[in-house]
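# Working through the structure, step by step
This is what each chain is made of:
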Amino acid sequence: MPVAERPERAPAGYTVLSELGSGQTAHVFLAEHREYGKVALKVPREELAEQPVLRRLFENEVQITLGLRHPNVVAALQGVPTGAGSFLALEYCSGGTLGDLLAREGRLPLSQARQLIVAVARGLEHSHSRQVLHRDVKPANVFLTGDGTAKLGDFGTGMHLGDDSGERVGTAFYMAPEIFEGSSSTVRSDIYSLGILAYEVVAGIRPFSGESYEDLMMAHTSGFPRALTHHRQELSRAEAKVIATAMARDAGKRYAGVREFREAFMAAAEIPEPAERQEQLTGRASRKVKSTTDENEEGNDDGKRQFGGLLGWFKRKRDD
């Protein structure tokens, strides 16, 4: 990719500091905003004016990302999808990408690998809950904050469920077999890519390799990756099985949803839910117990007992 020149006109409120990189649809700059601080500012490439397919990808990314909000998804701060002043301002993740980390460190400590897999799964789970397929889940599209938090990003190839463009998109190292064969993207094809990512994060290498698109197509559609426990003997068979299920060649044998994968992996890895999630899960039950206790308070006064029972009834109605 050619080196990007600083944009002639930065969006109002933004001061461009330096270039971060370039992609097929946009140049990315480190910029300063008076309210948001440092941001990653995406400005569409000049040639998009003559390339409607790429222009649509940029517009799509802006619209989709603005509709997502989750701790494990790169946050969109502002954006304009179309026109001469189109741009997308994203939270700046100073830790680079998961792809950079794997290239630099190779095989990660298993505890770190587990946490990264769960974080990416949470981000993808949120995307699917908003009816958005990512279609290019891979380490290069996972961004790390300064403290190492992983956030799924780059929704340029994203697609709303049901919007079948007929385009075959993705990265061949992570693409589901059915996509190579011409089928449309689905939740399960995103789960396959997540499984490939999980394998790579644990093993330190990709499960399939090849020198060409055709080589990789053959590997994904007819090859068999080496067992994860061969690369990491300390990995439990239960964890390896969860990842292998996500990577099943037959889409029908994969998990039906990302939440199912995440919960199975967390159980196999013995990763507890965060405290705030536990509170959400137990809060409703606790309120019901309190109502029952209030209702059953003993007293010599019949009126007090009746009032206690009535209060409990109102609380049950509220909780229901």
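The structure presented is a predicted model; accordingly, all values stated were derived computationally and were not measured.

Turning next to the side chain of Thr65. Among the structural elements, Thr65 can be located in helix α1 (residues 52–66). Thr65 sits in the buried class, given a relative accessible area of 3%. Side-chain polar atoms of Thr65 contact the backbone oxygen of Glu61, separated by 2.6 Å. Setting aside anything within four residues of it in sequence, one finds Thr65 in contact with Val74, Ala76, Leu88, Leu90 and Phe155.

To continue, consider the environment of Phe180. Locating Phe180 in the fold gives a position in helix α4 (residues 177–180). As for Phe180 and Met218, which are separated by 38 residues in sequence, their C-alpha atoms are 9.2 Å apart. Phe180 has contacts with Arg168, Ala172, Met175, Tyr213, Leu216, Met217, His220 and Thr221, leaving out every residue within four places of it along the chain.

Within helix α2 (residues 98–105), burial applies to Leu98, Leu101 and Leu102. Take α2 and look down its axis: the buried residues cluster within an arc of 95 degrees, on one side only. For α2, the exposed residues set more than 90 degrees away from the buried face come down to Ala103 and Arg104. Buried positions along α2 lie against α3 (110–129), β7 (142–144) and α5 (187–203). Looking at where α2 begins, the residue whose side-chain oxygen comes 3.3 Å from the main-chain nitrogen of Gly99 is Thr97. In the segment just after α2, Gly106 is the residue with positive phi, at about 75 degrees.

Before going further, it helps to spend a moment on the packing of helix α8 (residues 237–246) against helix α9 (residues 258–269). Between α8 and α9, whose axes approach to 8 Å, the crossing angle comes to 165 degrees. Accordingly, the angle class assigned to the pair α8 and α9 is roughly antiparallel. Every pair of crossing elements has a handedness; the one defined by α8 and α9 is left-handed. Two secondary-structure elements touch here, α8 through Ala238, Glu239, Val242, Ile243 and Ala246 and α9 through Phe261, Ala264, Phe265, Ala268 and Ala269. Considered class by class, the residues forming the contact of α8 with α9 number nine nonpolar, no polar and one charged.

Another point: the environment of Arg69. Turning to its location among the elements, Arg69 is positioned in the loop between α1 and β4 (76–80). Judged by its relative accessible area of 52%, Arg69 is exposed. Remark: the alpha-carbon pair of Arg69 and Arg130, spanning 61 residues in sequence, is separated by 9.8 Å. Setting aside its immediate chain neighbours within four residues, Arg69 contacts Ala75, Ala76 and His126.

For strand β2 (residues 26–33), the tally of buried residues reaches seven of eight residues, placing the bulk of the element in the interior. Bridging between strand β1 (residues 14–22) and β2 involves seven bridges; their strand directions are antiparallel. Counterpart to Glu19 in the pairing with β2 is Phe29. The antiparallel pairing of β2 with strand β3 (residues 37–44) creates a hairpin that spans three residues between the two strands.

Conventions adopted
Starting from 1, residues in each chain are numbered consecutively following that chain's sequence as written. Note on the predicted model: pLDDT of at least 70 is required for a residue's local features to be given, and 80 or more for side-chain atom pairs to be given and counted; whole-chain, interface and lining totals, by contrast, use all residues. Remark: hydrogens and water are excluded; side-chain values derive from all non-hydrogen atoms of the structure. By definition, any uninterrupted DSSP run of H or I lasting at least four residues is a helix, any uninterrupted run of E lasting at least two residues is a strand, and each is numbered from the N terminus. Exposure is judged per residue with a 1.4 Å probe applied to protein chains only, and the accessible area is read against the type maximum: over 50% gives exposed, under 20% gives buried, and values in between give partly exposed. N or O atoms closer than or at 3.5 Å make up a polar contact, with two conditions inside protein: a donor-capable atom paired with an acceptor-capable one, and, for residues adjacent in sequence, both atoms drawn from side chains. Two residues qualify as a contact provided that any one of their heavy atoms is within 4.5 Å of a heavy atom in the partner residue. What the arc describes is the spread of directions from the helix axis to the C-beta atoms. For helices, the fitted line uses only the C-alpha atoms of the stretch in contact; every axis is such a line through C-alpha atoms, and the angle between N-to-C directions lies from 0 to 180 degrees. The cut-offs work like this: below 35 degrees is roughly parallel, past 145 is roughly antiparallel, 65 to 115 is roughly perpendicular, and the gaps in between are oblique. By definition, turning the near helix anticlockwise from the far helix through less than a right angle yields a left-handed crossing, and turning it clockwise yields a right-handed one. Three residue categories are used. Nonpolar comprises Ala, Val, Leu, Ile, Met, Phe, Trp, Tyr, Cys and Pro, charged comprises Asp, Glu, Lys and Arg, and polar comprises the others, including Gly. At least two bridges found by DSSP between two strands are what make those strands a pair.

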